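A look at the structure
As a plain string of letters, each chain reads:
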Amino acid sequence: MSISRRRVVLTLGVSTLVPFAGACVHSAVPSDADRSFEQLAQSWLDQSMRLSPVSATSMGDHRFDHLVDDVSAAGRAARLAFARDTQARLAQIDRAALSRANQVDAALLDNALAGGIWRAEEFQDWARNPLMYQSIAGGALYSLMAREFAPLPQRLEAATARMERLPALLAQARAQLQPALVPPPHAETYAAQNRGLKSIVSGMIAPNLGALSPNARARLEQAMASFDSAIDEHQVWIEGTLVPQGAGEFRVGAEVFDAQLGYTLQSTLTRRQIRERAEAAVISVRADMYRVAREALAGRADAPPTPDAPTPEQQQAAIRAALDLAAADMPARDALVETATAGVAEADAFLREADIISLPPEPVRVILMPEFQRGFAVAYLDAPGPLERELGSFYAVSPIPDDWTDAQATSFLREYNNRGILDIAVHESSPGHYVQLWHANAYPSVLRAVLSSGSFVEGWAVYAEEMMVEQGFRAGDPLYRLSQLKVQLRTITNAIIDQAIHVDGMSEAEMMTLLTQTAFQEEREAAGKWRRAQLSFTQLSTYFVGFAEHQQTRAEAEARAGAEFDLKTYHDGVLAFGSPPMRYARALLFEEAIQ
């Protein structure tokens, strides 16, 4: 499954962004409370940017493109003090006197501040998670070079300044990380990703040396050499100290998981309720898959029995046999980008004809995932920051690793076969992440864009997959519907393994059985999910929870509107509020009280 991201670096555990005149949205005649909140939001955005220059670049504020974050203990203390001060100022504002829009934004800021303080003080991710430093180091250069927000020489000079500072950042990371707290999966992934920092320089910076004056070029070449040496020095430390001494427990336990779950979802659902609903959904979706498999297998001499009331074994065999037909139709090992691009074009063409949602004027651009980001997700949507909304979005696809055997590559391609990649294109692009974030970018509150809800964003993308089939996409292809249901089943089991691994002690073997047998995933996909589940917690729950919330909200909208319900009006309406948690989008849509 993918991740939608605005390329934001997590420092205090809060996404930090940039100042903007439209930091929040108030009524036509703002109250004193609205004005106070407007000032507070502006102050938080501005100071957050100053404390996290790498995030500021990714969000579109380029005043500090020459700087990098201070990840030392002193820098962390400054961010923590600022968060506490903002939290105290926010507590003094009368929420009831705010406009409805600002009530939502105030709730989002409150949640972000509390979550960031908790992660810094209680969970201490700065001591146990090396991947946060990798994100800062890689984002420092990638965010300068990926989009043409300024002339190339200007961006290269900023990259030079950052490369001159990045060796100090890597040294600060070594000083802050405590190997005894770093889980081995995190250390091993860090060892693989750190080398990828060189690919940003060799692939995005070095080829453009000719764009600089002789003096600027000489300075850049020196910075490149120093950064290259610093990466090598850091790699020696990772492999010689962090990996062998990494002894942290990656399972976070119930208390930590539940705390983070609340900050991540901002939902009233408990961990137990999510588990119960997910387990019921597994049964329901598998029943749907069996019905579709019967259709796909009809008339085939080699098909297994498909009775009206199958035994568990007959259900399993029929679904597996039909999925094998879809898996056999796979792309070439080196054609993932081309296949994904074709999928985007097909989905776009259907949506233009169906007219069920307003669309961006241009299609998304499909690219190979940058090397420094590989090893976590198969794909993601990289959207521009809220101050550069006119710039393009990238649908990044991870290539098959060169060191994979043919058997491993085949396993991967069976999972991401031609129909599977088409469904992922719907999820990532149309009408999934790309279209949803295009709508969100029309909402004027930068604060809401900063603090967007992962469950709203990911839930919409899963909803988009289901809705497309419902509206007739690939209507004559039962194997596509089966592939889409398989991805939906992956969404559901994501939520199960998220808590089962971190709270209940689920083993790798138990997870592999659930994913490969119950959810029909190929070995490579399931194995990759084990690593992803080790590296994060609660994010895997956002897909299922958000999907359920989107389905429930649409069902209520249909019930309220009756015969007057119009799908395009609903879609454009629910996406018009940015990307807040669904509890707030629902309240705004139905004009209910903001709780």
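Residues numbered from 1 in each chain as written. Predicted model: local features only at pLDDT ≥ 70, side-chain atom pairs only at ≥ 80, totals over all residues. Heavy atoms only, no water.

**Focus on the packing of helix α20 (residues 478-502) against helix α21 (residues 508-518)**
The axes of two packed helices give the description: the angle between them and the distance between them. Relative orientation of the contacting elements α20 and α21 amounts to 170 degrees, with a least axis distance of 11 Å. Between α20 and α21, the angle is such that the two are roughly antiparallel. On the side of α20, the interface is formed by Leu489, Thr493, Ile496, Ile497 and Ile501, while α21 contributes Met511, Leu514, Leu515 and Thr518. (Axes fitted to C-alpha atoms, helices over the stretch in contact; angles between N-to-C directions. Helix = DSSP H or I, 4+ residues; strand = E, 2+ residues; numbered from the N terminus. Parallel < 35°, antiparallel > 145°, perpendicular 65-115°, else oblique. Contact = heavy atoms within 4.5 Å.)

**Some thoughts on the packing of aromatic side chains**
Here the distance between the centres and the angle between the planes together describe a pair of aromatic rings. Considering all chains together, one arrives at 10 aromatic pairs under this definition. Between Phe123 and Phe537, the aromatic rings sit 5.4 Å apart at their centres with planes inclined by 65 degrees, giving edge-to-face as the arrangement. With Phe123 in helix α4 (residues 100-123) and Phe537 in the loop between α22 (523-535) and α23 (542-561), this residue pair connects regions lying 414 residues apart in the sequence. In this structure, Phe123 and Phe537 share a single accessibility class: buried. With a centroid separation of 5.8 Å and an interplanar angle of 70 degrees, the aromatic rings of Trp404 and Phe412 are classed as edge-to-face. Both residues of the pair, Trp404 and Phe412, count as buried. Through successive ring pairs, a cluster of aromatic residues spans Trp118, Phe123, Tyr263 and Phe537. Here Arg128 stacks its cationic end above the ring of Phe123, 4.7 Å away from the centre of that ring. Geometry around Phe149 places Arg155 over its ring, the cationic atom sitting 6.0 Å from the centre. (Phe/Tyr/Trp six-rings, centres within 6.5 Å; stacked < 30°, edge-to-face > 60°. Buried < 20%, exposed > 50% of the residue type's maximum accessible area, 1.4 Å probe, protein only. Lys NZ or Arg CZ within 6 Å of the ring centre and 35° of its normal.)

**Some remarks on the pattern of salt bridges**
Throughout the structure, instances matching the rule amount to 40 salt bridges. Here Arg217 and Glu221 are joined by a salt bridge, their closest N and O atoms 3.1 Å apart. Here Glu221 and Arg217 lie together in helix α10 (residues 214-245), a separation of four residues that amounts to about one turn. The exposure class of Arg217 is partly exposed, given its relative accessible area of 35%. In this structure Glu221 comes out as partly exposed when scored by relative accessible area, which is 36%. (Salt bridge = Lys/Arg side-chain N within 4 Å of Asp/Glu carboxyl O.)

**So, the pairing of strand β3 (residues 379-383)**
Of all five residues that make up β3, five are buried, and the element is covered over most of its length. Burial of the side chains of β3 extends over both faces: Ala379, Leu381 and Ala383 are buried on one face and Tyr380 and Asp382 on the other. Relative to strand β4 (residues 394-397), β3 is paired through four bridges, and the arrangement is antiparallel. By the bridge assignment, Ala379 is partnered in β4 with Val397. (Pairing = 2+ DSSP bridges.)

**Let's talk about helix α11 (residues 253-265)**
Taking 1.5 Å per residue, 13 residues should reach 18 Å; α11 reaches 18 Å between its end C-alpha atoms and fits that length. Buried positions along α11 lie against α4, α12 (271-297), α19 (454-470), α20 and α23. Once α11 ends, the next one or two residues include Gln266, with phi positive near 50 degrees. (Expected span 1.5 Å × (residues − 1).)

**Section: the environment of Ala557**
Among the secondary structure elements, Ala557 is positioned in helix α23. Separated by 372 residues in the primary sequence, Ala557 and Pro185 place their C-alpha atoms 44 Å from one another. Those residues in contact with Ala557, other than ones at most four positions away along the chain, are Phe565, Tyr570 and Phe590.

**Topic: the confidence of the model for the protein**
Averaged over all residues, the pLDDT of the protein equals 92, while 94% of them reach at least 70. Note on residues 3-22: pLDDT is under 50 here. Beyond four places in sequence and across chains, it has 109 contacts. (pLDDT = per-residue confidence, 0-100.)

**Side note on the pairing of β4**
Because side chains alternate across β4, one face comprises the buried residues Phe394 and Ala396, and the other comprises Tyr395 and Val397, equally buried. Pairing between strand β2 (residues 365-368) and β4: four bridges, direction parallel. The residue bridging Arg365 from the neighbouring strand is Phe394, located in β4.

**Quick word on the packing of helix α1 (residues 32-51) against helix α3 (residues 73-91)**
Running from N to C, α1 and α3 point in directions that differ by 175 degrees, and their axes come no closer than 11 Å. Regarding the angle of α1 to α3, the classification is roughly antiparallel. On the side of α1, the interface is formed by Phe37, Leu40, Ser43, Trp44, Gln47, Ser48 and Leu51, while α3 contributes Ala78, Arg79, Phe82, Thr86, Arg89 and Leu90.

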